[in-house]
Amino acid sequence: FSLNLAADCNAVLKALQPIFQEQGMTETVHNWEDHGYLVTYIKKNGSFANLRIHPHGLVLVDLQSYNDDMKGREEVDQLLNKVEERMKELIHGNIKRVKRLPAILRGGVIDRYWPTADGRLVEYDIDEVVYDEDSPFQNIKILHSKQFGNILILSGDVNLAESDLAYTQAIMGSGKEDYTGKEVLILGGGDGGILYEIVKLKPKMVTMVASNIDQMVIDGCKKHMRKTCGDVLDNLKGECYQVLIEDCIPVLKRYAKEGRMFDYVINDLTAVPISTSPEEDSTWEFLRLILDLSMKVLKQDGKYFTQ
């Protein structure tokens, strides 16, 4: 609850106390004078609630329950409804905002919560662990989502879902580029999505350097991400493509030394860092190195695409 005025901490506490007491919950009150109240309520079954009352006008209620059945969820909703009604009666028209967040399930058999590269938390409708293996380099997961299909996750970083064709098309130039007869270099792209889409466009040759240096990623994707990669990962060489399971930096240096040039370089390496202050030996230095080497193998009229 965000209030339009300062909170009368004692009045809020007295108004809400009966609701928790009716649940047979034991109360413990902590009072920090100018810093408001923290009140804990504990039930015999292990469920508990925290009531935090800030004097400046913020009232927070956190409720944790072991119940995962429908009856348990209904009891939680009923208790929170009573808290909301009592607060509206007490504060009248001076509640600026009421925000009720959905329950977070902890310790579930299947983990539904995955952080983004910029620190946000996303909950997916994941209902099945399709693949979960540790390679010498990373943990590889492929999880099934009702909404997005199979999702590739590498060491906790969400990479690509079967429904992410729009991402693949965008990094290729959104259908505006003509790849017919062209030389293309893909950095990363171990899921095979970009390779699969470009091969359809009749290029002269596509070289994909799966820089995760991890055959297990390719093996997992060709079995469980076929809506993304089709059949291009079944063999590491095709009529107009080749897949190199190597570190992309030595490959780029070798190509630059040999004078090999490409019409397109597509950088599909892992997520770009969010920090704005480069540090020595940081990911920013890696990105600079990749960009510098890519320019050395890009034709004068070539194009460089990245995230």
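Predicted, not measured: the structure shown is a model, and the values here were computed from it.

### As for the packing of helix H7 (residues 248-258) against helix H8 (residues 283-296)
- Interhelical geometry of H7 versus H8 gives an angle of 30° and a closest axis separation of 9 Å. Of the possible angle classes, the one that applies to H7 and H8 is roughly parallel. Every pair of crossing elements has a handedness; the one defined by H7 and H8 is left-handed. Here Cys248, Ile249, Leu252, Lys253 and Ala256 of H7 come into contact with H8, specifically with Phe286, Leu289, Ile290, Leu293, Ser294 and Lys296.

### Comments concerning the pattern of salt bridges
- Counting across every chain of the model gives 16 salt bridges.
- A salt bridge links Glu22 to Lys82, with the shortest nitrogen-to-oxygen separation between them at 3.8 Å. With a gap of 60 residues between them, Glu22 in the loop between helix H1 (9-21) and strand E2 (26-31) and Lys82 in helix H2 (residues 70-91) connect regions that are remote in the sequence.
- Look at the salt bridges and you will find they share partners, linking Glu84, Lys88 and Arg100 into a network.

### As for the domain arrangement of the protein chain
- As far as domains go, the protein chain holds domain 1 (2-97) and domain 2 (169-306).
- A separation of 53 Å is found between the C-alpha centroids of domain 1 and domain 2.

### Overview of the UniProt feature "active site" (unreviewed entry) in the protein chain
- Using the residue numbers shown here, the UniProt feature "active site" (unreviewed entry) corresponds to Asp268.
- If you trace the backbone, Asp268 turns up in strand E16 (residues 262-268).

Conventions adopted
Residues numbered from 1 in each chain as written. Predicted model: local features only at pLDDT ≥ 70, side-chain atom pairs only at ≥ 80, totals over all residues. Heavy atoms only, no water. Axes fitted to C-alpha atoms, helices over the stretch in contact; angles between N-to-C directions. Helix = DSSP H or I, 4+ residues; strand = E, 2+ residues; numbered from the N terminus. Parallel < 35°, antiparallel > 145°, perpendicular 65-115°, else oblique. Left-handed = near helix turned anticlockwise from the far one by under 90°. Contact = heavy atoms within 4.5 Å. Salt bridge = Lys/Arg side-chain N within 4 Å of Asp/Glu carboxyl O. Domains from an automatic or database assignment. UniProt positions renumbered as here; feature names shortened; annotations may be inferred.

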